[in-house]
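One letter stands for each residue in the lines below.
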Amino acid sequence: MLSKKDKDKIKERIAAKVAQKLEEYRAEQRAAEAESKEKTHKRAKQKQEKTAKDKSTVRSKTAKALKTQKEKASGAVKAVRQTAAKRRSERKSATANNTVKENRLELLITIVNRSKGEYYVDLLQSFDVNLQFVELGQGTADEHMLSAFGLNDSDKAVIFSVIQESKLQDALNMLENKFATIKNGKGIAYTVPLSGVVGTLIFGFLSNNRKAVKENKQ
């Protein structure tokens, strides 16, 4: 039979063993939690890096697409201007003997933001433009195209102005300068030739040169 002292020693050994096992268990739990947190952090980091890479790829593709669209649009505008210049040159050569060739008329069409319509009407009037009218329009470009060309909205004013050919280049130069410098003032402008006008008085009014027409009539 064990003495009380032996029993106490056995109890102490059992308690120490239990405490040791408990500490080992706790250490294993802490190690498992740390490993789990590290794996979770690693997965989150990998996901974040993948998301950033995907966004970068999308931005790169979008920028490339917008650049391509802008280059195409720029090329189209350049081609239109070259064609218009060629047609004006051909018309000028074909009508060298026209008695009123110095007062030939062109229909200048200017498309700008609706809020700037009245501003451009006043500017064009300073080039002896006696007839102008404005139509309201709606652009078809999406947000990406608007952003690519530096435009703010799709509500447009389409200004039709009858202008003398001799004043046209100065007016176009002025418009190009204003498109580049005025806030929210970007736009486009092109011309359509007028082959004839019925009545010398109407022609005189549109060309703002009644004296020249009167002399030509006499």
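Residues numbered from 1 in each chain as written. Predicted model: local features only at pLDDT ≥ 70, side-chain atom pairs only at ≥ 80, totals over all residues. Heavy atoms only, no water.

### A short note on the pairing of strand β1 (residues 105-113)
Inference 1: For β1, the buried fraction is high: eight of the nine residues fall into the buried class.
Inference 2: With nine bridges joining them, β1 and strand β3 (residues 155-164) adopt antiparallel strand pairing. When the sheet's bridge partners are listed, E106 is paired in β3 with I163.
Inference 3: Direction of pairing for β1 relative to strand β4 (residues 187-193): antiparallel, over a ladder of seven bridges. Bridge pairing links I111 to I188 in β4. (Buried < 20%, exposed > 50% of the residue type's maximum accessible area, 1.4 Å probe, protein only. Helix = DSSP H or I, 4+ residues; strand = E, 2+ residues; numbered from the N terminus. Pairing = 2+ DSSP bridges.)

### Things to note about the environment of H144
Inference 1: Considering the arrangement of structural elements, one finds H144 in helix α3 (residues 143-148).
Inference 2: Sequence-distant contacts of H144, defined by excluding residues within four places in its chain, comprise T62 and L66. (Contact = heavy atoms within 4.5 Å.)

### Focus on the environment of V192
Inference 1: Tracing the chain through its elements places V192 in strand β4.
Inference 2: For the pair V192 and L105, spaced 87 residues apart in sequence, the C-alpha separation works out to 9.4 Å.
Inference 3: Discounting chain neighbours no more than four positions away, the residues touching V192 are E106, L107 and I109.

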